[in-house]
Amino acid sequence: MIRRIVAALAALGLGACAARVAPPTPSVPAAPVEIQVLAFNDFHGNLQTPDPVEVAELDGARHKIVTGGVAHLAAALSELRAGHANTVTVSAGDTIGASPLISANYLDEPTIAAMNLLGLEFNSVGNHEFDRGGDELKRMQAGGCAKFTRRKPCAVEPFAGARFRYLAANVVQADGSTIFPATGLKRFDTPAGAITIGFIGMTLKGTASLVTPSGVKGLSFKDEAETANALVPRLKAHGADTIVLLIHQGGKLPKFTTGNGCEGLYGEILPILGKLDPAITTIVSGHTHWAYVCRGTPQVGAGRLLTSAGKYGYFATDVRLRFDPASHRLLSQDARNIVVGNGEHGEDASEKALVDRYASAVTPIASRCPAPRGSTG
Ligand SMILES: [Zn+2]
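Procedures and definitions
- Residues numbered from 1 in each chain as written.
- Predicted model: local features only at pLDDT ≥ 70, side-chain atom pairs only at ≥ 80, totals over all residues.
- Heavy atoms only, no water.
- Helix = DSSP H or I, 4+ residues; strand = E, 2+ residues; numbered from the N terminus.
- Buried < 20%, exposed > 50% of the residue type's maximum accessible area, 1.4 Å probe, protein only.
- Contact = heavy atoms within 4.5 Å.
- Areas by Shrake-Rupley, 256 points an atom, 1.4 Å probe, with all protein chains shown as cover.
- Disulfide = S-S within 2.5 Å.
- Axes fitted to C-alpha atoms, helices over the stretch in contact; angles between N-to-C directions.
- Parallel < 35°, antiparallel > 145°, perpendicular 65-115°, else oblique.
- Left-handed = near helix turned anticlockwise from the far one by under 90°.

Caption draft 1: View of the overall build of the protein. For the protein, the count of helices and strands is eight helices and 16 strands. Taking all 377 residues of the protein together, 53% fall into the buried category. For the protein, the share of sequence-separated contacts (at least 6 apart) that also reach a separation of at least 24 residues comes to 72%. With an accessible surface of roughly 17000 Å², the protein has 57% of that area assigned to carbon and sulfur atoms.

In structure tokens form, the structure reads like this:
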């Protein structure tokens, strides 16, 4: 009805003023809507800030930085989110497993609690998520104190489970279903219109060869690109304006960078990237423990972004996606890795309280048995 009236008025106006038509005013495009994706990977239960880490810059200069620790990580993420209404926090796997005693001794329950506190929303599984088997991993999601391992669950406090969503698109159980949902959607209602991001989460297809057979009993791990591409139509049908892949597989670099380089990237992620549907525009990777940001290089694909935040919460990746709210088209994207801690971010008080609680619980145990640690992705 309104459209008809507008059309009628327009026709009238044209008729009455045909001799002095105003020059057409170019339509002003709406300001882009920016969505922030904060990402990290391979946290491996590193709740405490380690001794200062020595880093080497590209020019060979070496210096030590204080980095990592979940209280620093949470504070850094809060700082990055400040002023951003449209933000989501994600992880690309190995959040738990191969963790220091403070987390491992408590079946990584404190790490799940710490991830809840820092606002994690989607977490792809990695190989180490399966270290204690599928049933125990399901307990990480659902909570509760059922015993699936030698260790006693809920030894310090009740365990509520993850408030974030595990995603496992390529991990298939005997009945053909995936162990966790394959995908997640997040819709941002902005004043200019809604933008929806689709997420696909997965681990590397070689996971079964990296985990003890009991950990992956009854599970099969499917090809990464084939699995991801098959999910694209479904996500689009559910309104995804672009698709972010959280994949626990990654690349390596020939030289150290401070986390924002990509030159000479090589590794197992590359053949996967070459096969991905172009609708998957943004890839948050992991597993190799290298930090990088790759922007539209020939290997990564034009307009595509590939990131990794190294390991242990030493880095956080701040990804920005800019959309045209009218067409819902992704206009541009970029990312940067920031060093967590390093005197620049404070400590989150509730994370610190959680870490202190488990640190005092583990102290008598730690003095009896030195912490087993170390991980190769
Ligand atoms: Zn891994």
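Caption draft 2: Expanded view of the state of the cysteines. Taken as a whole and judged by the stated rule, the model has two disulfides. For Cys-145, the disulfide goes to Cys-154, at an S-S distance of 1.8 Å. As the torsion about the S-S bond is roughly -95°, the Cys-145-Cys-154 disulfide counts as left-handed. Here Cys-262 connects covalently by a disulfide to Cys-294, the sulfurs 2.1 Å from one another. With the S-S bond torsion at 100°, the cross-link from Cys-262 to Cys-294 turns out right-handed. Of this pair, Cys-262 sits in the loop between β11 (242–248) and α7 (269–275) while Cys-294 sits in strand β13 (residues 291–295), placing them 32 residues apart in sequence. Residues Cys-262 and Cys-294 agree in their burial class; the two are buried. Here the protein pairs its bonded cysteines, counted in sequence order, in the arrangement 1-2, 3-4.

Caption draft 3: Expanded view of helix α5 (residues 134–142). Turning to α5, its buried residues are Gly-134, Glu-136, Leu-137, Arg-139, Met-140 and Gln-141. Of the surrounding elements, those touching the buried residues of α5 are α4 (109–117) and β6 (165–167). Trailing α5 by a residue or two, Gly-143 shows a phi angle of about 85°, which is positive.

Caption draft 4: Highlighting the environment of Arg-81. Mapped onto the secondary structure, Arg-81 falls in helix α2 (residues 70–81). Note: C-alpha distance between Arg-81 and Gln-36 (45 residues apart in sequence) is 8.0 Å. When sequence neighbours within four positions are dropped, the list of residues in contact with Arg-81 reads Gln-36, Leu-38, Thr-87, Thr-89, Leu-118 and Gly-119.

Caption draft 5: Up close: the environment of Thr-89. Positionally, Thr-89 belongs in strand β4 (residues 87–91). Judged by its relative accessible area of 1%, Thr-89 falls in the buried class. For the pair Thr-89 and Thr-317, spaced 228 residues apart in the sequence, the C-alpha separation amounts to 9.8 Å. Those residues in contact with Thr-89, other than ones at most four positions away along the chain, are Leu-38, Phe-40, Leu-77, Arg-81, Leu-118, Gly-119, Leu-120, Glu-121 and Phe-122.

Caption draft 6: Focus on the packing of α2 against helix α8 (residues 349–368). In contact at an axis separation of 8 Å, α2 and α8 are set at 165° when each is read in the N-to-C sense. The orientation of α2 with respect to α8, classified from their angle, is roughly antiparallel. Judged by the twist between their axes, the crossing of α2 over α8 is right-handed. The segment α2 lies against α8, with Val-70, Ala-71 and Ala-74 engaging Glu-351, Lys-352 and Val-355.

Caption draft 7: Expanded view of unusual backbone geometry. Notably, His-44 is not glycine yet its phi reads approximately 50°, a positive angle. Counting through the fold element by element, His-44 comes out in the loop between β1 (33–40) and β2 (53–56). Among the residues examined, His-44 registers a relative accessible area of 0% and is labelled buried. Phi is positive for Leu-107, which is not a glycine, with a value near 55°. With respect to the helices, strands and loops of the structure, Leu-107 is situated in the loop between α3 (101–104) and α4. Assessed through its relative accessible area of 2%, Leu-107 is described here as buried.

Note that all results are geometric; they support no functional claim without further evidence.
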